[in-house]
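Structural features, examined
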Amino acid sequence: QVQLVESGGGLVQPGGSLRLSCASSRNIFTFDTMGWYRQAPGNQRDLVATTIRSGRINYADSVKGRFTISRDIAKNTVYLQMNSLKPEDTAVYYCNAWTISENYWGQGTQVTVSS
């Protein structure tokens, strides 16, 4: 069983920054896709950013230019750098690792953007 452990969430003022980390118990190069999703209260879980094994990256329109997904293969960790945060970015952020036959989620980390 793969473990994905997120960290880095917290309370930040509008315009501030946070960096989320997702540490995998398995070599992240074994996954076809790794990414970040978020879920606000009463909403569905939405894609934020994904990175494919080849390195291609995809962002939700709402975070383009503000968020950056990256990976450190040696540390089996994926990051989400979040800049220029807005109150509407408030949500629980989940790490995901996917292959055609596997789908894993982390426990989630709360991000709250408020003054």
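For the structure, check the block above.
Being a predicted model, the structure only gives us computed values, none of them experimental.

Topic: the pattern of salt bridges
On inspection of all chains with the given rule, the structure shows 5 salt bridges. The residue aspartate 89 makes a salt bridge to arginine 38 at a minimum N-O spacing of 2.9 Å. Here arginine 38 lies in strand S4 (residues 33-39) and aspartate 89 lies in the loop between strand S8 (77-82) and strand S9 (91-99), a separation of 51 residues in the sequence. Residues aspartate 89 and arginine 38 agree in their burial class; the two are buried. We note a salt bridge from arginine 66 to aspartate 89, for which the minimum N-O separation is 2.8 Å. Placement of arginine 66 in the loop between strand S6 (57-59) and strand S7 (67-72) and of aspartate 89 in the loop between S8 and S9 is noted, with a sequence separation of 23 residues between them. Note on accessibility: arginine 66 and aspartate 89 belong to one class, buried. Taken together, the shared-partner salt bridges in this structure form one network comprising Arg38, Arg66 and Asp89.

Some details on the side chain of threonine 99
In this fold, threonine 99 is placed in strand S9. Threonine 99 gets classed as buried once you look at its relative accessible area, which sits at 7%. Setting aside residues up to four positions removed in sequence, threonine 99 forms contacts with Arg26, Thr30, Phe31 and Asp32.

Some thoughts on the side chain of threonine 77
Summarising the element assignment, threonine 77 is placed in strand S8. Residues contacting threonine 77, with those up to four places away along its chain left out, are Ser21, Cys22, Ala23, Ile28, Ser70, Arg71 and Asp72.

What counts and what doesn't
Residues numbered from 1 in each chain as written. Predicted model: local features only at pLDDT ≥ 70, side-chain atom pairs only at ≥ 80, totals over all residues. Heavy atoms only, no water. Salt bridge = Lys/Arg side-chain N within 4 Å of Asp/Glu carboxyl O. Helix = DSSP H or I, 4+ residues; strand = E, 2+ residues; numbered from the N terminus. Buried < 20%, exposed > 50% of the residue type's maximum accessible area, 1.4 Å probe, protein only. Contact = heavy atoms within 4.5 Å.

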